[in-house]
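What follows is the residue order along each chain.
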Amino acid sequence: MSGYPPAFEVGPGRAAPSRVGDVVVAVVLLVLGAIGIAMLAFVSLFLAMVSDGCGSGTDCDFSLMGVGYFIALLAPPLVYLAAIVWTIVRLTRRRRSWWVPVVGALAALAVWGAGYGLLMASLNR
């Protein structure tokens, strides 16, 4: 016996009781992260202006610039979408999941940084 009332005991065929605090914190973090990633995607639209520095006499790698731009623009929302799905799966399985949106947001920022780094590398300065 675990000390829980019989209705809350975990046994064969019974799911663990959900933690209300974990669910609330996970949902709040998911919403805040989605807002943050949407703002990051909006700011990433302006990264196209990096090519303004490529005037006459400047060698720029436009293929690397395109790859970096699309990584910075498209990859962070996809990474965070994967974190959203993973969080929902963990919530339905009643596992601790508040940390997944945090890791997803940090991974999305890391991917954005990699795309931005490729953009800066394409300027050959």
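Residues numbered from 1 in each chain as written. Predicted model: local features only at pLDDT ≥ 70, side-chain atom pairs only at ≥ 80, totals over all residues. Heavy atoms only, no water.

Let us now look at the overall build of the protein. Per the secondary structure count, the protein includes three helices and zero strands. Put simply, the protein runs from its N terminus to its C terminus through helices and strands in the order α-α-α. Looking at the 125 residues of the protein, the share that counts as buried comes to 26%. Pairs at least 24 apart in sequence give 76% of the contacts found in the protein among residues at least 6 apart. (Helix = DSSP H or I, 4+ residues; strand = E, 2+ residues; numbered from the N terminus. Buried < 20%, exposed > 50% of the residue type's maximum accessible area, 1.4 Å probe, protein only. Contact = heavy atoms within 4.5 Å.)

Our next topic: the nonpolar core. By size, the foremost hydrophobic cluster in this structure holds 17 residues, and its most contacted members are Leu47, Met65, Leu119 and Leu123. For this core, the secondary-structure elements that each account for two or more residues are helix 1 (20-45), helix 2 (62-92) and helix 3 (99-121). Those residues in contact with Met65, other than ones at most four positions away along the chain, are Val50, Ser51, Cys54, Cys60, Leu119, Ser122 and Leu123. (Core = buried A, V, L, I, M, F, W, Y, C linked by side-chain atoms within 4.5 Å.)

Turning to a nonpolar patch on the surface, a few remarks are in order. A contiguous nonpolar surface patch, about 780 Å² in accessible area, is contributed by Val20, Val23, Val24, Val27, Val28, Val31, Leu32, Ile35 and Met39. Looking at the element boundaries, Val20 is found in helix 1. Assessed through its relative accessible area of 61%, Val20 is described here as exposed. (Patch = residues over 30% accessible without salt bridge, like charges linked within 9 Å, V, L, I, M, F, W, Y side chains within 5 Å. Areas by Shrake-Rupley, 256 points an atom, 1.4 Å probe, with all protein chains shown as cover. Salt bridge = Lys/Arg side-chain N within 4 Å of Asp/Glu carboxyl O.)

Okay, the state of the cysteines next. Tallying each qualifying case throughout the model produces one disulfide. Bridging Cys54 to Cys60, the disulfide has an S-S length of 2.0 Å. Residues Cys54 and Cys60 share a disulfide whose torsion about the S-S bond is about -100 degrees; that sign makes it left-handed. Taken individually, Cys54 and Cys60 each receive the classification buried, so the pair is uniform in this respect. (Disulfide = S-S within 2.5 Å.)

Geometric descriptors of this kind do not, in isolation, establish any biological role.
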